[in-house]
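# Secondary and tertiary structure notes
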Amino acid sequence: NDLKNTWRLSHRFNSHVKANSTYRFKYQDRDYDTNLDTVPNFYSGTIGDIIRQVHEAGGGLDIWWLDSWSSSVKYQNISDTIHTELGDDVQDLTKNRLTATLIGQPVDCVTLFGSASFESNQLLTPTDAPTTSTWYAGTDPYDFHGDYLIYDISAVWQVTNKTKIHGNYQQTNSFGSF
């Protein structure tokens, strides 16, 4: 059984500023008849039925500065939980994402674009493995915290009606810990 609902709300304050928000709920219920892994040494064994719940909430602001310049700022939070019949909550994933963009034309023949995004990921995987399992009991080995920062700067110069020169620089920085 799957359920997915999305609610959106936006409000234009004036011709230069618009705010928007979104909430999405996903629910997946998997009814498994086979509750044992075919090779129990590679998995902790019986898990039963699986339920996955995802909550996504976000908001943003769009701003039109001048005739040829605009920018936006957006924030998103995602909470993703996987629950099994016998293992309770086996995965809790939380993502927080912040993105900002700026685009404009300083002169008629040149367009500039800049964007930056930061995302923080937190994965919690509580385990309670039986003593006969090859999995390590406890939470530390499977938990993860990882962040990344990505930014991009682009420019397009319209030299003639048939000639454009494009320039782009992008960098991604990733860092995390187990």
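Let us look at the structure shown here. (Residues numbered from 1 in each chain as written. Predicted model: local features only at pLDDT ≥ 70, side-chain atom pairs only at ≥ 80, totals over all residues. Heavy atoms only, no water.)

### Thoughts on the overall build of the protein chain
Put simply, the rule reads: Each helix corresponds to a stretch of at least 4 residues labelled H or I by DSSP, and each strand to a stretch of at least 2 residues labelled E; elements are numbered beginning at the N terminus. All accessible-area figures derive from a Shrake-Rupley calculation using a 1.4 Å probe, and residue coverage is judged against the displayed protein chains alone.
Counting secondary structure elements, the protein chain contains zero helices and eight strands. Across the protein chain, helices and strands are ordered from the amino to the carboxyl terminus as β-β-β-β-β-β-β-β. A total accessible area of about 12,200 Å² is found for the protein chain, and carbon and sulfur atoms account for 57% of it.

### Some thoughts on a nonpolar patch on the surface
Stated formally: Two distance rules govern patches: like charges are joined within 9 Å, and nonpolar side chains (Val, Leu, Ile, Met, Phe, Trp, Tyr) within 5 Å, applied only to residues with over 30% relative accessible area and no salt bridge. Only one rule defines a salt bridge in this text: a Lys or Arg side-chain nitrogen within 4 Å of an Asp or Glu carboxyl oxygen.
Taken together, the side chains of V73, Y75, L98, F118, L149 and F175 make up a nonpolar region of the molecular surface, amounting to roughly 530 Å² of accessible area. Inspection of the secondary structure puts V73 in strand β4 (residues 69–84).

### Focus on the environment of N168
Condition: Only protein chains enter the accessibility calculation, which uses a 1.4 Å probe; a residue whose area is less than 20% of its type maximum is buried, one above 50% is exposed, and one in between is partly exposed. Contact between two residues is taken to exist if any of their heavy atoms lie within 4.5 Å; hydrogens are not considered. Counted as a polar contact is a pair of N or O atoms within 3.5 Å, where, for protein atoms, one must be capable of donating a hydrogen and the other of accepting one, and residues adjacent in sequence contribute only when both atoms are in side chains.
Topologically, N168 is positioned in strand β8 (residues 163–177). For N168, a relative accessible area of 54% gives the class exposed. Sequence separation of N168 and F113 is 55 residues, and the distance between their C-alpha atoms is 9.2 Å. The contact partners of N168, leaving out residues within four places of it in the chain, are D152, I153 and S154. At a separation of 2.8 Å, a polar atom in the side chain of N168 contacts the side chain of S154.

### Focus: the pattern of salt bridges
For the structure on display, the rule yields six salt bridges. Between K26 and E56 there is a salt bridge, and its shortest N-O distance comes to 3.5 Å. Taken as a pair, K26 in strand β2 (residues 17–30) and E56 in strand β3 (residues 50–66) lie far apart in primary sequence, 30 residues in all. You can call E56 buried: its relative accessible area is 12%. In this structure, the salt-bridge partner of E119 is R97, at a minimum N-O distance of 2.5 Å. Of this pair, E119 sits in strand β6 (residues 110–124) while R97 sits in strand β5 (residues 88–107), and the two are 22 residues apart along the sequence. By relative accessible area, which is 4% here, E119 ends up buried.

### So, the side chain of D62
Within the secondary structure, D62 is located in strand β3. For D62, a relative accessible area of 14% puts it in the buried group. A polar contact of 3.4 Å, which involves the side chain of D62, links it to the side chain of K74. In this structure D62 touches H16, V17, K18, N20, S71, S72 and K74, once residues within four positions along its chain are discounted.

### Regarding the pairing of strand β1 (residues 2–12)
Going by this rule: Only strands joined by at least two bridges in the DSSP assignment are considered to pair.
In the sheet, β1 pairs with β2 via eleven bridges, with the strands oriented antiparallel. Among the inter-strand pairings, D2 is bridged to a residue of β2, identified as Q28.

### Things to note about the packing of aromatic side chains
To keep things clear, this is the line we draw: The rule is short: rings of Phe, Tyr and Trp, with Trp giving its six-membered ring, pair when the centres are within 6.5 Å, and they are stacked under 30 degrees, edge-to-face over 60, tilted in between.
According to the stated counting rule, one finds three aromatic pairs in the structure shown. With a centroid separation of 5.6 Å and an interplanar angle of 25 degrees, the aromatic rings of W7 and Y23 are classed as stacked. In this pair, W7 sits in strand β1 while Y23 sits in strand β2, placing the two residues 16 residues apart along the sequence. Seen from their ring centres, Y151 and Y169 are 6.2 Å apart, and the 45 degrees between their planes marks the pair as tilted. Placement of the pair is Y151 in strand β7 (residues 144–160) and Y169 in strand β8, with a sequence separation of 18 residues. Judged by its relative accessible area of 27%, Y151 falls in the partly exposed class.

### Topic: the environment of L9
Looking at the element boundaries, L9 is found in strand β1. Separated by 14 residues in sequence, L9 and Y23 have C-alpha atoms that sit 9.0 Å apart.

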